[in-house]
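# Residue-level structural notes
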Amino acid sequence: MSTISPTIEEGWKSVLSAEFDADYFKRLKDFLIAERANYAVYPRGTEIFAAFNFTPLEQVKVVIIGQDPYHGEGQAHGLSFSVPDGIKQPPSLVNIFKELKTDLGIEAPKSGNLERWAKQGVLLLNATLTVRANTAGSHQKKGWELFTDATIKAISENRTGIVFLLWGNYAKQKAELIDKRKHHVLTAAHPSPLAGGAFFGCRHFSKTNALLNKQGINEISW
C-alpha cells in the first residue's frame, strides 16, 4: 500500500494529493496492510481505485454513490453496484436493471459488469473502498469516508452540471457536500430489496439523460 497514490488517474491525483499526504490516510494504509496480513480483503489492490481510473475527473457526467464494496468472493472490483463478468448479479443490481427496463425499455444484460457505464462518464463511487471478506461494513470509519467525501467535494468544486444519483439514506447524506447551484441532485430509495420496492419508479436513468441533453452533453447509453 506504500504506492497507493500512483495507482489513481492523474487528474484525480492532482485534486486529491492532499488527502494522500494526510495523517488519516497514512493510518488507513497501515490498517489495510494489517488487514491484508490476516484476512482476505476485497477488491484486490489493483482495483481499489478502479472507479477513478475508468472515469477520469474531466470525463465525469454522473455520480452514483454506494456505501460498501460487495464482501463475497469475486464480487467487488472497484465499481459501486457492479460485479465482474460471470458473477451472479446481487439483488440491488437486479433491481437497478428492473428499473432501467421500466424507465427506458432496456432489457437487463446478462452481465452485471458496469464498466460500460464507467467508461461513458458514470463515476461508480463507494463511500468505503475496501472490505474484509464476508464482513459487511468492516472497513467503515477507518478513513475511506474522509477520502471519498473529499472526492465528492472535488467534483462539486472543479466541475459543473454533474448529475448526482443518491440512492438510500446513506447516499442522501452526501448531498450536503454538493453545490446544488452548479449541479443536479436526484434522490431515491435504495435499490436493495430491503427498501420494499420504493426504488422503483424513480426514473433516474431517463431523468439523467434529460439533464445531460439540456446541457448539450452526450447522454449515457445505459
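To be clear, the structure that these remarks concern was listed above.
Residues numbered from 1 in each chain as written. Predicted model: local features only at pLDDT ≥ 70, side-chain atom pairs only at ≥ 80, totals over all residues. Heavy atoms only, no water.

Next up on the list: the overall build of the chain. Along the chain, the regular secondary structure elements total eight helices and six strands. Its C-alpha radius of gyration of 17 Å places the chain within 12% of the 17 Å reference for a compact globule of 222 residues. Dimensions of the chain, computed from C-alpha atoms along their principal axes, come out at roughly 45 × 35 × 25 Å. In the chain, buried positions account for 53% of the 222 residues. (Helix = DSSP H or I, 4+ residues; strand = E, 2+ residues; numbered from the N terminus. Rg over C-alpha atoms; globule rule 2.2 N^0.38 Å. Buried < 20%, exposed > 50% of the residue type's maximum accessible area, 1.4 Å probe, protein only.)

In this section: the environment of V185. Note that V185 resides in strand β6 (residues 184–188). Apart from the residues lying within four places of it in its own chain, the contact partners of V185 are F164, L166, I178 and K180. (Contact = heavy atoms within 4.5 Å.)

The next thing to look at is the nonpolar core. With 61 residues, the main nonpolar core has F49, W117 and F147 as its most contacted residues. If we ignore the near neighbours within four places in the chain, the residues touching F147 are I8, L16, E19, F20, Y24, F25, F49, F52 and L129. (Core = buried A, V, L, I, M, F, W, Y, C linked by side-chain atoms within 4.5 Å.)

Moving on to unusual backbone geometry. For the bond running from Y42 to P43, omega is -10°, close enough to zero to count as cis. Along the chain, P43 turns up in the loop between β1 (41–42) and α3 (50–54). Here K141, not a glycine, exhibits a phi torsion of approximately 60°, which is positive. With respect to the helices, strands and loops of the structure, K141 is situated in the loop between β4 (131–132) and α6 (144–158).

This part takes up the sheet that holds strand β5 (residues 163–167). Strand order across the open sheet formed by four strands is β3-β2-β5-β6, with parallel pairing between neighbours. This sheet does not close on itself; its edge strands, each paired only once, are β3 (122–126) and β6. Taking each pair of neighbouring strands and ignoring which way they run, the sheet shows an average axis angle of 20°. In terms of strand pairing, strand β2 (residues 62–66) meets β3 through five bridges, oriented parallel. From the neighbouring strand, V62 faces β3, where its bridge partner is V122. (Pairing = 2+ DSSP bridges. Axes fitted to C-alpha atoms, helices over the stretch in contact; angles between N-to-C directions.)

Topologically, E35 is positioned in helix α2 (residues 23–38). Overall, the relative accessible area of 6% leaves E35 in the buried class. In this structure, E35 is in contact with V41, R132 and H139, ignoring residues within four places of it in sequence.

So, on to the environment of K26. Within the secondary structure, K26 sits in helix α2. For the pair formed by K26 and G143, sequence separation is 117 residues and the distance between their alpha carbons is 9.3 Å. A polar atom in the side chain of K26 sits 3.5 Å from the backbone oxygen of D21. (Polar contact = N/O pair within 3.5 Å; in protein donor to acceptor, adjacent residues only side chain to side chain.)

Bringing the packing of aromatic side chains into the picture now. Per the stated rule, a full pass over the model turns up 19 aromatic pairs. On the basis of an interplanar angle of 70° and a centroid distance of 5.8 Å, the ring pair of F49 and F52 is categorised as edge-to-face. Like F49, the residue F52 is buried in the burial classification. Members of the aromatic cluster, each reached through a chain of ring pairs, are W12, F20, Y24, F25, F49, F52, W144 and F147. The ring of Y39 carries the charged tip of R132 above its face, separated from the ring centre by 3.7 Å. (Phe/Tyr/Trp six-rings, centres within 6.5 Å; stacked < 30°, edge-to-face > 60°. Lys NZ or Arg CZ within 6 Å of the ring centre and 35° of its normal.)

Let's shift gears to α2. If you check α2, its first and last C-alpha atoms are 23 Å apart, about what 16 residues at 1.5 Å a residue would give, namely 22 Å. Residues of α2 that are buried include every one of Y24, F25, L28, K29, F31, L32 and E35, and no others. Buried residues in α2, looked at end-on, bunch into an arc of 165°, giving them a common side. Exposed residues pointing more than 90 degrees away from the buried face of α2 are listed as D23, R27, D30, A37 and N38. (Expected span 1.5 Å × (residues − 1). Arc of directions from axis to C-beta.)

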